[in-house]
Structure formats: structure tokens, C-alpha cells
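These are the residues of each chain, in order.
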Amino acid sequence: MAPSHVKRAFKYRFYPSDAQAAELSRTFGCVRKVYNMALAARTEAWTRQERVNYNATSAMLTAWKKTEELAFLNEVSSVPLQQCLRHLQTAFTHFFGKRAKYPRFKSRKRSRKSAEYTTSGFRFLDGRLTLAKMREPLDIRWSRTLPKGASPSTVTVSQDAAGRWFVSLLCDDPSVKPLPATDKAVGIDVGRDHLLTLSTGEKIANPRHERKDRARLALAQRRMAKKAKGSNNQAKARRKAAKVYARIADRRRDHLHQLTTRLVRENQTLVIEDLTVRNMVKNRSLARAISDAAWSQFRSLLEYKAAWYGRNVIAVDRWFPSSKLCSTCGTLHEKMPLNVRTWTCDCGTTHDRDVNAAKNLLAAGRAVEACGAGVRPQRSSPGRQSAMKQEASRREP
């Protein structure tokens, strides 16, 4: 069942004036400074077996602002500083709940530059957004309209590695409603040669966005490596390389959005394999291809869109032998070499390896949906890999 109303982020690019860019850069630096100082304080307290919560770090922030060394914190809006302390509290909550690792310090060069403003830190009137400590509204490119009568609850300003500025407005979107129910269901087998193979027999090609721009990316990285370390020329070269990365990421994200929206609109139930992508990318020979396919991003988009529109996403156990099981008679074959892309079962049925896996995933998902139980692992030893793990073990040509 889809929620009655959905909080949706609308992201736009904007072009700040020199004064606005300077103010936002100061804010980013102060947010990073406060976050790291609060994390250090909480880590030190942790070694003494003491717990420091958000209220304590908020009091610390007030005291820091009164010192001569940290008086510059008063020059920026206090709202993003308080918000970063709330984010730190959330990070510790996830850590104590064993849902995440211990929070890490923010790096000046590697960490995302962002600042979050709540309603007290901005003014949104007649389609013009003005942040605290700024006189003029942001020059936003409204690439799409906000929902009628929408009023942002939070505004997040960020700058990516390519130097582009973005603003994200979190609003209630009444237009997101459950889609009419349908009896259609689909099994989805992810891969590298084909991005997706559906139980219907359809194969969706892998665009390989990173591979298409690999030469441009390599050239930009070589030029960056030749610049003097810490020089302005190196910074310029780094931004040029980041622009290539941004181009790849934008195209990949756009393709996945179109693909997941189509699948959610067409099917009531979508069955996927529960893959541990985080562990799979640790293989250096596979990490590049798996990351380019963006399996984790695909699943994330699919799940939240399904929640929006009243669809069901079922994840089948990663040990389920989807490639070795005949989808017609149910015979389980012990061996299925990776070079075998089509095979014939003893029952006489000829299978395409990927389509057969997708059909088996769909059947397993229907069983889960019917009885409400999970698919039990089917393996003979702890070292046995799932079909998808074996599939990913091939080197990319």
C-alpha cells in the first residue's frame, strides 16, 4: 500500500553570484568543522564510556561560538550547523542499531559539500528561494515545476566535484498515488552483458556508460597526474576529470530512472535477486564493470518507486540456484559452466541461461508472495556461489 502522501525531493541546478558562492563555501566549511569537532567530542566521550547526545553537542556549539578561535562560526547561518549535528545523531543511531559503521570524519577534499536549511533558514515566495544570510534569491533553473501549492520543508544546497551547484527542495507531492492494480509479475535477472533479463524473454542492453567515456576519462586523469601537486592547474585538471565522471553518472542515473519507472508501471510484482554488491565489488577485476552496471542503484530506485505506487518488490535469497534449475520441470543440475549460455534439460526444453534464471526468480517470488515465507538457501557447502556470483566472476572483455 502506497503512503497517503509522499515527501519528494526536487533537485535543480542554480548559478550563484560571487557573493553567494563565497557565503555557501564558508557555510560548507563551517558545517564540516562543526561535524568533525562534534564527532571528536563524542568519540572521546565514548572512550570514557560516556554517551553524548544531540542536546549536548548543541550546547557545545553554543560554547564554541563564544571562543575567539571559533568566532567565525557566527558569520554563517546557525541552521545548517544545527542540522549537521542532527545528522551526526542519526549516524550514531544507525551505528548503535547495527545498521551502519562508526561515523567517519569529513574530508575537505573528498567529502560532499552540502548544507541543509530548515524553514527557519530560508524564504520561499512566488517561486523565489532566498537563503539565510543572503540578500538576493538564488538563480535557479526550474527544469520542472513543483507540485501545485507545494512549500519546501527543507532545502539542501550542494556543490559537486565538477563545480556545479544544486539545490534540492523537499516537498509533499500529492501527485504520487497508487497505480491501478494489475495481475502482471516479472522476474528480473541482472547482469553485465545485458543489464537486465526479464522472465518475459526481453533482454535490456547494458549501455556501459563508463566504457563509452573511458578514453576521455583516462586522458583527463593523465593530464591531472602531470600537474604540480597542490597547484591551481591541478585543481583545474581535477574539475575537468570530475566533469567526465559527472557526465557518466548523469547518463547512468537517467537511464535507470526511465527503466525502473517503466517496470513499476507495467508490473504489480517485481522479483529480483538479493545480491551483496558491496562484497562483489571488492574483486578488483570486477569492480569497474559491476559499478558501471549500478545494480545497487537499480534496486534502490525500484524499491522506493514500488513503495510510492503500491507495487511489490520481492528479493529472492542469493543462494537460490536460479541458473541451474530447469524452469519447466524443476530439475536441478549440479554443474552449469559459465561458457554455457544455452542448455537443454533432460525434459527436452532448451533454455537461454539468463531467461531461465529470470523465470525461476519469478516462480520463487510468487511462492514467497503466496505463503509469506522466504526462499531458503539451497547450497551444499559455505563456499558455493550463487548463479549471479558465478556470472560476475567472469572477467570483463
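What you see is a predicted model; the values in this text were computed from it and never measured. (Residues numbered from 1 in each chain as written. Predicted model: local features only at pLDDT ≥ 70, side-chain atom pairs only at ≥ 80, totals over all residues. Heavy atoms only, no water.)

### Section: the nonpolar core
L24, L131, V157 and V167 are the most contacted members of the largest nonpolar core, which totals 40 residues. Broken down by secondary-structure element, the contributors of at least two residues to this core are β1 (6-14), α1 (18-47), α2 (54-65), α3 (78-96), β2 (113-118), β4 (128-131), β6 (154-159) and β7 (165-173). The dominant element in this core, judged by the number of residues it contributes, is α1, at nine residues. If we ignore the near neighbours within four places in the chain, the residues touching V167 are F10, K11, Y12, F14, L129, I140, V155, T156 and V157. (Core = buried A, V, L, I, M, F, W, Y, C linked by side-chain atoms within 4.5 Å. Buried < 20%, exposed > 50% of the residue type's maximum accessible area, 1.4 Å probe, protein only. Helix = DSSP H or I, 4+ residues; strand = E, 2+ residues; numbered from the N terminus. Contact = heavy atoms within 4.5 Å.)

### Observations regarding the sheet that holds strand β11 (residues 269-273)
Within the open sheet, the five strands sit side by side as β10-β9-β8-β11-β12. Their pairing is mixed. The sheet terminates laterally at β10 (203-205) and β12 (312-316), the two strands that pair on one side only. For this sheet, the mean inter-axis angle between neighbouring strands, taken without regard to orientation, is 25°. Alignment of strand β8 (residues 185-190) against β11, held across three bridges, turns out to be parallel. For A185, the partnering residue across the bridge sits in β11 and is T269. Helix α6 (residues 232-266) rests against β8, β9 (194-198), β10 and β11 of the sheet, and its axis sits at about 5° to β9. (Pairing = 2+ DSSP bridges. Axes fitted to C-alpha atoms, helices over the stretch in contact; angles between N-to-C directions.)

### Points about the side chain of N36
The residue N36 is located in helix α1 in this model. In terms of polar contacts, N36 uses its side chain to reach the backbone amide nitrogen of K106, at 2.8 Å. When residues no more than four places from it in sequence are discounted, the contact partners of N36 are F105 and K106. (Polar contact = N/O pair within 3.5 Å; in protein donor to acceptor, adjacent residues only side chain to side chain.)

### Re the UniProt feature "domain: Transposase putative helix-turn-helix" (unreviewed entry) in the chain
Residues given the UniProt feature "domain: Transposase putative helix-turn-helix" (unreviewed entry) here are residues 6-49. Regarding residues 6-49, the helix share stands at 68% and the strand share at 20%, and the terminal C-alpha atoms are separated by 40 Å. (UniProt positions renumbered as here; feature names shortened; annotations may be inferred.)

### Looking at the packing of helix α5 (residues 214-225) against α6
Across the interface, α5 lies against α6 with an axial gap of 8 Å and an inter-helix angle of 165°. Here α5 is positioned roughly antiparallel relative to α6, judged by the angle of their axes. Crossing of α5 against α6: the hand is left-handed. Residues R216, L217, A220, Q221, R223 and M224 of α5 touch α6, and the partners they reach there are Q234, A237, R238, A241, V244, Y245 and R247. When grouped by side-chain class, the residues that make up the contact of α5 with α6 number seven nonpolar, two polar and four charged. (Parallel < 35°, antiparallel > 145°, perpendicular 65-115°, else oblique. Left-handed = near helix turned anticlockwise from the far one by under 90°. Nonpolar A, V, L, I, M, F, W, Y, C, P; charged D, E, K, R; others polar.)

### Examining the pattern of salt bridges
Tallied over the entire structure, the rule returns 22 salt bridges. Between D213 and R251 there is a salt bridge, and its shortest N-O distance comes to 3.0 Å. Taken together, the residues D213 in the loop between α4 (209-212) and α5 and R251 in helix α6 connect sequence positions 38 residues apart. Between E266 and R262 there is a salt bridge, and its shortest N-O distance comes to 3.4 Å. Linking E266 with R262, this pair stays in helix α6, spanning four residues, or about one helical turn. (Salt bridge = Lys/Arg side-chain N within 4 Å of Asp/Glu carboxyl O.)

### A word on the layout of surface pockets
Here the largest pocket defines a volume of roughly 1,800 Å³. Lining the largest pocket are 46 residues, and of these Q159, D160, A161, A162 and R164 lie nearest its centre. For the lining of the largest pocket, the secondary structure elements donating two or more residues are β1, β6, β7, α5, α6 and α9 (295-309). Here the lining of the largest pocket takes 15 residues from α6, the largest share from any one element. Taken together, 18 residues line the second largest pocket, and the ones lying closest to its centre are V31, H87, K106, R112 and S114. Contributions of two or more residues to the lining of the second largest pocket are made by α1, α3 and β2. (1 Å grid on protein atoms, 1.4 Å probe; cavity = no way out; pocket = protein on both sides within 12 Å on 5 of 7 lines; lining within 4 Å. Points joined across faces, edges and corners; volume = space filled by probe spheres on them.)

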